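Structural overview for review
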Amino acid sequence: MKLRRSARAAFVTLLLSAGLLAAPVQAQAAGPSDADLAYRWAPVHYQDSASGHYTADYLSRVDYDGDWNTLNNWENLDVDPRRLTGTAYYSVVETSTHWYITYAFYHPRDWKLSSHENDMEGVVEVVLKDGSTYGTFQAAVTQAHNNYYSYIPAGSPFQGNRENIDGTLLMETHDGAQHPTVFQEAKGHGMYNWSGGSFPGGDGIVYRPSRTAGTVPTGGNDRAASYALVDIFSSGGLWERRNSNPPYAAWGTFAGDNGTDNAAHTPWAWDDSNDGSDLQPGSIAGDPAYLISKYFKNTGTFSLSYTRNAYLS
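Residues numbered from 1 in each chain as written. Predicted model: local features only at pLDDT ≥ 70, side-chain atom pairs only at ≥ 80, totals over all residues. Heavy atoms only, no water.

A separate point is the overall build of the protein chain. On a plain count of helices and strands, the protein chain comes out with five helices and 17 strands. Computed over the C-alpha atoms, the radius of gyration of the protein chain is 18 Å, within 12% of the 20 Å expected from 2.2 N^0.38 for a compact globule of 313 residues. With the principal axes as the frame, the protein chain shows a C-alpha extent of 50 × 40 × 35 Å. Residue burial in the protein chain is summarised as follows: out of 313 residues, 58% are buried. Counted over contacts in the protein chain with a minimum sequence separation of 6, partners at least 24 positions apart contribute 64%. About 11800 Å² of surface is accessible on the protein chain, with carbon and sulfur atoms providing 49% of the total. Each charge class in the protein chain was averaged separately, 21 positive and 33 negative side chains, and the resulting centres sit 3 Å apart. (Helix = DSSP H or I, 4+ residues; strand = E, 2+ residues; numbered from the N terminus. Rg over C-alpha atoms; globule rule 2.2 N^0.38 Å. Buried < 20%, exposed > 50% of the residue type's maximum accessible area, 1.4 Å probe, protein only. Contact = heavy atoms within 4.5 Å. Areas by Shrake-Rupley, 256 points an atom, 1.4 Å probe, with all protein chains shown as cover. Lys, Arg positive; Asp, Glu negative; His and termini not counted. Charge placed at Lys NZ, Arg CZ, Asp CG, Glu CD.)

This part is about the packing of aromatic side chains. In this structure the tally under the stated criterion is 20 aromatic pairs. Here F158 and F296 contribute two aromatic rings whose centre-to-centre distance is 5.3 Å and whose plane-to-plane angle is 50 degrees, an arrangement assigned as tilted. Of this pair, F158 sits in the loop between β6 (147-152) and β7 (159-160) while F296 is found in strand β16 (residues 296-297), placing the two residues 138 residues apart along the sequence. Taken together through their ring pairs, the aromatic side chains of Y106, F233, W239, Y248, W251, F254, W268 and Y311 make up a single cluster. Just above the ring of W74 sits the side chain of R109; from NZ or CZ to the centre is 4.4 Å. (Phe/Tyr/Trp six-rings, centres within 6.5 Å; stacked < 30°, edge-to-face > 60°. Lys NZ or Arg CZ within 6 Å of the ring centre and 35° of its normal.)

On to unusual backbone geometry, then. A cis amide bond, omega 0 degrees, links N245 with the succeeding residue P246. Structurally, P246 is set in the loop between β13 (225-231) and β14 (248-250). The residue after P246, namely P247, is reached through a cis peptide bond having omega 10 degrees. Mapped onto the fold, P247 is located in the loop between β13 and β14. With phi around 55 degrees, D175 is a residue other than glycine that occupies positive phi space.

A separate point is the pairing of strand β10 (residues 177-184). Most of β10 sits out of view: seven of its eight residues are buried. In the sheet, strand β1 (residues 44-48) pairs with β10 via four bridges, with the strands oriented parallel. Bridging across to β10, Q47 finds its partner in Q184. Across four bridges, strand β9 (residues 171-174) lies against β10 in antiparallel orientation. Looking at β10, one finds that M171 is bridged to P180. Connecting the antiparallel pair β9 and β10 is a turn made up of two residues, with D175 showing a positive phi of about 55 degrees. Two elements, β10 and strand β11 (residues 191-193), share three bridges in a ladder whose sense is antiparallel. Looking at the pairing, V182 lines up with N193 of β11. (Pairing = 2+ DSSP bridges.)

A separate point is the confidence of the model for the protein chain. On average, the protein chain scores 92 in pLDDT, and the residues at 70 or more come to 90%. This model gives residues 1-9 a pLDDT under 50, and the stretch forms 26 contacts once residues within four places in sequence are excluded. A low-confidence stretch, residues 12-28 stays under pLDDT 50, and its non-local contacts, those more than four residues away or across chains, total 24 contacts. (pLDDT = per-residue confidence, 0-100.)

The full count for this structure, using the stated rule, is 10 salt bridges. For R162, the salt bridge goes to D278, with nearest N and O atoms at 2.8 Å. Here the residue R162 occupies a position in the loop between β7 and β8 (165-168), and D278 occupies one in the loop between β15 (253-254) and α4 (283-286), the gap between them amounting to 116 residues. Overall, R162 belongs to the partly exposed group, its relative accessible area being 36%. Judged by relative accessible area, D278 falls into the partly exposed class, the value being 21%. (Salt bridge = Lys/Arg side-chain N within 4 Å of Asp/Glu carboxyl O.)

Let us now look at the side chain of D48. When you line up the elements, D48 lands in strand β1. Within the buried set, D48 has no salt-bridge partner at all; the shortest N-O distance to an opposite charge, 8.1 Å, is to R223. Those residues within four positions of D48 in sequence are excluded, and the remaining contacts are D57, F183, Q184, E185, A186, F199, P200, D203 and G204.

The next thing to look at is helix α5 (residues 288-295). Regarding α5, the residues found buried are P288, A289, L291, I292 and Y295. Down the axis of α5, the sector holding all buried residues measures 160 degrees, keeping them to one side. (Arc of directions from axis to C-beta.)

Judged by nonpolar contacts, the single largest core of 37 residues is most densely connected at Y89, M120, V141, L238 and I292. Every element with two or more residues in this core is listed here: β2 (87-95), β3 (98-110), β4 (116-128), β5 (136-144), β6, α4 and α5. Here this core takes four residues from α5, the largest share from any one element. (Core = buried A, V, L, I, M, F, W, Y, C linked by side-chain atoms within 4.5 Å.)

As structure tokens, this is what we get:
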């Protein structure tokens, strides 16, 4: 994915014009922790795998090889696949009416057509605060390359607005609760809804969220793998390093020198190429309430003001 403009400057300008940067970052009200909330709604992840080089489709941490130098992640992928432990990065921001949970899945290599080092694609989920502990899941927008796709679960009141609804998100029971399901393609790792049935070609990996450590798949057809959840805002993590090179060559852009240089992005630089100039790169994670308000209608009581959003800090 290539940024079409200065993502950082445009995103900050949008937030300033909306008055969002002036909003105080408030303490989290009594309720579930971000970790518990992220685990509750973490998707069951259907990862397609290529039969020729399935280890390149394993999920991992960005620093899976023991360092934050993303310029060697392509090469180190093949050194020891046992280091490719299932991982998903997450962030939580909230308004008075909703939680927005972003999940980002990292692969050291994108090797589909226009290949590049590093790859991070994912989904933002919309959860209504309805008075229950974990709320009600209402919608999701996935990111695949330079496009977003809109989905709702059965029973959601949300309707298509600026963007059409692309399908239904199936739910699956995990650890005693219903979780949304997502699908990530082999090689290029674009994310969509899981349509049920079989993987393309028959082989694939099913990752389920874990409260503890993720696992390394046993092969390209492991149906019982797991992934750990890592907070984007954790100390020493992705957001805290946002101005460091490495791992970034530019704002929200991983440094990479295999295939197309510097072609992979973090959630605060993800972008849809044709959803409107008002939706700046990074809005899906940093200003999800506004993005969701444009993508959907019939959303009911819906606040655009954040009570907590660390992307604005």
